[in-house]
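Close look at the chain arrangement
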Amino acid sequence: QVQLVESGGGLVQPGGSLRLSCAASGFTFSNYWMQWVRQAPGKGLEWVSVINPGGGNTAYTDSVKGRFTISRDNAKNTLFLQMNSLKSEDTAVYYCATVGYPDYWGQGTQVTASS
């Protein structure tokens, strides 16, 4: 069956870095645009970043530009999000998901930036 499994979240001090991974299975990962979406405590879903199937085109929400980098390894069916210079406002549950239909979502991984 289709699975998206995120990992790599945790507690980090402001200014620190984390690398999130999303392992995909059960569908042809290399055919799909992929995205990262986050949900901060008490808030709605916020789109973070997107990448095209080949990995050559990316986009980011303004608040993470220059700090986050999305990438993918189609040979390993894995999506990544490198997060640098983390801020307290980046604290959220981070989800990977396909773009469009059908939409597949992972279970999320918690990222907490706090001193």
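Use the structure listed above.
These notes cover the structure that comes with them. Source: prediction; values computed, not measured.

Right, let's get into the state of the cysteines. In the structure shown here, the tally under the stated rule is 1 disulfide. The disulfide bridge from Cys-22 ends at Cys-96, spanning 1.9 Å between sulfur atoms. Between Cys-22 and Cys-96, the disulfide has an S-S torsion of 55° and is therefore right-handed. In this pair, Cys-22 is assigned in strand β3 (residues 18-25) and Cys-96 in strand β9 (residues 92-98), connecting sequence segments 74 residues apart. By relative accessible area, Cys-22 is classed as buried at 0%. Given the relative accessible area of 0%, Cys-96 is considered buried.

Right, let's talk about the sheet that holds strand β7 (residues 68-73) for a bit. Across the sheet, which stays open at both edges, the 4 strands sit in the order β1-β3-β8-β7 with antiparallel pairing between neighbours. With one partner strand each, in any of the chains shown, β1 (3-7) and β7 form the two edges of the open sheet. Each adjacent strand pair in this sheet contributes to an overall mean axis angle of 15°, direction not counted. By the bridge criterion, 6 bridges tie β3 to strand β8 (residues 78-83) in an arrangement that is antiparallel. Directly across from Ser-21, in β8, lies its bridge partner Phe-80.

On to the pattern of salt bridges. In this structure the tally under the stated criterion is 4 salt bridges. Asp-62 is the partner of Lys-65 in a salt bridge, and the nearest nitrogen-oxygen pair spans 2.9 Å. Residue classification places Lys-65 among the partly exposed positions, given a relative accessible area of 49%. Between Asp-90 and Arg-67 there is a salt bridge whose closest N-O contact spans 2.7 Å.

In this section: the environment of Arg-67. Considering the arrangement of structural elements, one finds Arg-67 in the loop between β6 (58-60) and β7. Reaching out from Arg-67, the side chain makes a polar contact with the backbone oxygen of Ser-85 at a distance of 2.9 Å.

Taken as a whole, this structure holds 5 aromatic pairs when the rule is applied. With a centroid separation of 6.5 Å and 65° between ring planes, the pair formed by Phe-27 and Phe-29 is classed as edge-to-face. Ring-pair connections join several aromatic residues into one group, and the members of that group are Phe-27, Phe-29, Tyr-32 and Tyr-104. Sitting above the plane of the Phe-80 ring, Arg-19 keeps its charged end 4.0 Å from the centroid. The side chain of Arg-72 reaches across the aromatic face of Phe-29, ending 4.4 Å from its centre.

The rules behind the values
Residues numbered from 1 in each chain as written. Predicted model: local features only at pLDDT ≥ 70, side-chain atom pairs only at ≥ 80, totals over all residues. Heavy atoms only, no water. Disulfide = S-S within 2.5 Å. Helix = DSSP H or I, 4+ residues; strand = E, 2+ residues; numbered from the N terminus. Buried < 20%, exposed > 50% of the residue type's maximum accessible area, 1.4 Å probe, protein only. Pairing = 2+ DSSP bridges. Axes fitted to C-alpha atoms, helices over the stretch in contact; angles between N-to-C directions. Salt bridge = Lys/Arg side-chain N within 4 Å of Asp/Glu carboxyl O. Polar contact = N/O pair within 3.5 Å; in protein donor to acceptor, adjacent residues only side chain to side chain. Phe/Tyr/Trp six-rings, centres within 6.5 Å; stacked < 30°, edge-to-face > 60°. Lys NZ or Arg CZ within 6 Å of the ring centre and 35° of its normal.

Such coordinate-based values are descriptive only and should not be taken to indicate function.
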